[in-house]
Amino acid sequence: MDTADRATTPLATPTPLDRRSPAPDVARGAMLLLIAVANAPFYLWTASSGTFGAHPVEGGTADRVAQTLALVLVDGRTYPLFAFLFGYGIVQLYRRQHAAGVPHREARRLLRRRHGWMVAFGAVHAALLWFGDVVGAYGLAGLVLTALFIDRRDRTIRVWIGVLTGLVALFALLVGALAVLVALAGPEAAGDDGFTIPEPAAVESYLPSVPARLGVWLVIAPAQGLLVLVTPIAVLVAFLAARHRVLEQPAEHLPLLRRTAVTGIAVGWGVGVVLALQNLGALGVDRSLDFGLLPLQLLSGLACGLGYAAAFGLLAARRGARRGPVVRALQATGRRSMTCYVAQSVVLAPLLSAWGLGLGAHLSSWSVALVAVATWGATVALAVALERAGRRGPAETLLRRLAYPRPAVVDVR
């Protein structure tokens, strides 16, 4: 279509740091600690691991304590929480564009660019450092779910949440039934009860480790982002929550937040206790049948992740404008979540991998967890320093420059 004068409505720029809602950022900052603890066992590249969370089969009392805490509190809970906060941010960005008068088409194009660059970020992160990158996985989820659902009615999204959750529950029943059949046939029918921690961390030279990491990521990223269905469910729940400003205005949604926090965390921790007991061999079920509990870990992790998000909303409502140094530090970290997430790999990968210092061959569950906590603490210190300087994280700055085009030149013909 020809036009004599054509101008593009400028996009709304990202929200200034001092005007961002605190609850989502505090949740992101705390979530990064859980992610560090969840990822660290994958660097124990000489250990043979069980089915749950890549925890080594062998270990002493301190290792079993660390594994139990991880299975109850962390494993399977972090990525649904991450996905929820990611989806919440999508709606916040989209709403801000509407408030600035940006047409729907332009706002959706901005989201496509942002999520496309996230996929590229994830590929680079996986190739250089960490095969389990989720930035690209969530970028892929954002591309698909934004295209399908960003302008849909609340009722439609609720229906799809129910459908997808039902599919995951059906999958859990089928896998559980398969485990029962295997048990009746004899544990030997399930094969080996352990596996070697993913190969990329064990590659001794850096250059050969690059295609090894990228190859694994190309398989697991679509699974994490879409195929397992937990991420799409969490993102769609976040779409609804963000539309009603549940985390920005938590005081107006206290009953919902309380129900979600109590129910979600109770389900997550309850199933986590069962998984931990099985990991300790206390249930008397052969470890070769652990696969039958994996779907329950997925479902309980989804419930617990949403419960954690609600708990952070309650914390924000209780404290109001009063923010102590811990909350401010977590908020600074959450504002730079991508930078801090990548920074964890910058520390852990060369420190623990065989191609680096190789410390992963000498650590165990409890010691690598301490390394993970210390690494997260270092990223918090980095975020606080950037906050005091009034600077965004470098990863956020780069993504902003790539996603937001330069101001359009008015075309007058």
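Remember, it's a predicted structure, so these values are computed and weren't measured experimentally.

Visitor: It is not clear to me how unusual backbone geometry should be interpreted in this structure. Could you clarify?
Guide: Excluding glycine, most residues fall at negative phi; most peptide bonds, likewise, are trans. Here the phi dihedral of Leu229 falls at roughly 80°; this positive angle occurs in a residue that is not glycine. Structurally, the position occupied by Leu229 is in the loop between α7 (206-227) and α8 (230-243). At Arg245, a residue that is not glycine, the phi angle is positive and equals roughly 55°. Among the structural elements, Arg245 can be located in the loop between α8 and α9 (254-279).

Visitor: Looking at this structure, I do not really get helix α13 (residues 365-388). What am I missing?
Guide: Quick reminder: α-helices carry 3.6 residues per turn. Residues three or four places apart thus point the same way. With 24 residues, α13 extends 35 Å between its outermost C-alpha atoms, agreeing within 8% with the 34 Å of an ideal straight helix rising 1.5 Å per residue. Buried within α13 are the following residues: Ser365, Ser367, Val368, Ala369, Val371, Ala372, Thr375, Trp376, Thr379, Val380, Ala383 and Leu386. Immediately beyond the C-terminal end of α13, within one or two residues, lies Gly390, with a positive phi of roughly 70°.

Visitor: Please explain the pattern of salt bridges as it appears in this structure.
Guide: Across all of its chains, the model carries eight salt bridges by this definition. Linking Glu248 and Arg95 is a salt bridge whose minimum nitrogen-to-oxygen distance equals 2.5 Å. Of the two residues, Glu248 is situated in the loop between α8 and α9 and Arg95 in helix α3 (residues 78-99); the sequence distance between them amounts to 153 residues. Of the charged contacts, one joins Asp154 and Arg243 as a salt bridge, the two residues approaching to 2.6 Å between their closest N and O atoms. Note that Asp154 is positioned in helix α6 (residues 154-185) and Arg243 in helix α8, a separation of 89 residues in sequence. In this structure, a network of salt bridges that share partners links the residues Arg335, Arg336 and Glu387.

Visitor: Would you take a moment to explain the packing of helix α4 (residues 104-128) against α7 for this structure?
Guide: To characterise two packed helices, one gives the angle between the axes of the helices and the distance between these axes. Contact geometry of α4 with α7 gives a least axis separation of 7 Å together with a crossing angle of 135°. Relative to α7, the element α4 is oriented oblique. For the pair formed by α4 and α7, the contact residues are Val119, Gly122, Ala123, Ala126, Ala127 and Leu128 on the first element and Tyr206, Val210, Arg213, Leu214 and Trp217 on the second. Broken down by class, the residue content of the contact of α4 with α7 amounts to nine nonpolar, one polar and one charged.

Visitor: Explain the environment of Ala238 here, please?
Guide: Among the secondary structure elements, Ala238 is positioned in helix α8. Each C-alpha atom, one on Ala238 and one on Val91, is 8.3 Å from the other, the two residues being 147 residues apart in sequence. Discounting residues that sit within four places of it in the chain, Ala238 has contacts with Phe84, Gly87 and Tyr88.

Visitor: Whenever I open this one, the packing of α3 against helix α5 (residues 135-149) confuses me. Can you help?
Guide: Axis separation between α3 and α5 bottoms out at 11 Å; the angle between their running directions is 50°. Taken together, the axes of α3 and α5 are oblique relative to one another. When you trace α3 past α5, the crossing you get is right-handed. Between α3 and α5, the contacting residues are Tyr79, Phe82, Ala83, Phe86 and Ile90 on the first element and Tyr138, Gly139, Gly142 and Thr146 on the second. Of the residues that constitute the contact of α3 with α5, the class distribution is six nonpolar, three polar and no charged.

Visitor: Could you clarify how one ought to interpret the nonpolar core in this entry?
Guide: Inside soluble globular proteins, nonpolar side chains tend to come together where they are buried. Residues Phe84, Tyr138 and Phe239 are the most contacted members of the largest nonpolar core, which totals 96 residues. With near-sequence residues (within four places) excluded, Phe84 lies in contact with Ala234, Val237, Ala238, Ala241, Leu247, Leu306 and Ala309.

Visitor: Where do I start with the packing of aromatic side chains in this structure?
Guide: Ring pairs (aromatic) are described by centroid distance and by the angle formed between their planes. As enumerated under the stated definition, the model contains 10 aromatic pairs in all. Look at Phe82 and Tyr138: their rings are 5.2 Å apart centre to centre, the planes differ by 70°, and that puts the pair in the edge-to-face class. Here Tyr138 lies in helix α5 and Phe82 lies in helix α3, a separation of 56 residues in the sequence. For Phe82, a relative accessible area of 12% gives the class buried.

About the cut-offs
Residues numbered from 1 in each chain as written. Predicted model: local features only at pLDDT ≥ 70, side-chain atom pairs only at ≥ 80, totals over all residues. Heavy atoms only, no water. Helix = DSSP H or I, 4+ residues; strand = E, 2+ residues; numbered from the N terminus. Expected span 1.5 Å × (residues − 1). Buried < 20%, exposed > 50% of the residue type's maximum accessible area, 1.4 Å probe, protein only. Salt bridge = Lys/Arg side-chain N within 4 Å of Asp/Glu carboxyl O. Axes fitted to C-alpha atoms, helices over the stretch in contact; angles between N-to-C directions. Parallel < 35°, antiparallel > 145°, perpendicular 65-115°, else oblique. Contact = heavy atoms within 4.5 Å. Nonpolar A, V, L, I, M, F, W, Y, C, P; charged D, E, K, R; others polar. Left-handed = near helix turned anticlockwise from the far one by under 90°. Core = buried A, V, L, I, M, F, W, Y, C linked by side-chain atoms within 4.5 Å. Phe/Tyr/Trp six-rings, centres within 6.5 Å; stacked < 30°, edge-to-face > 60°.

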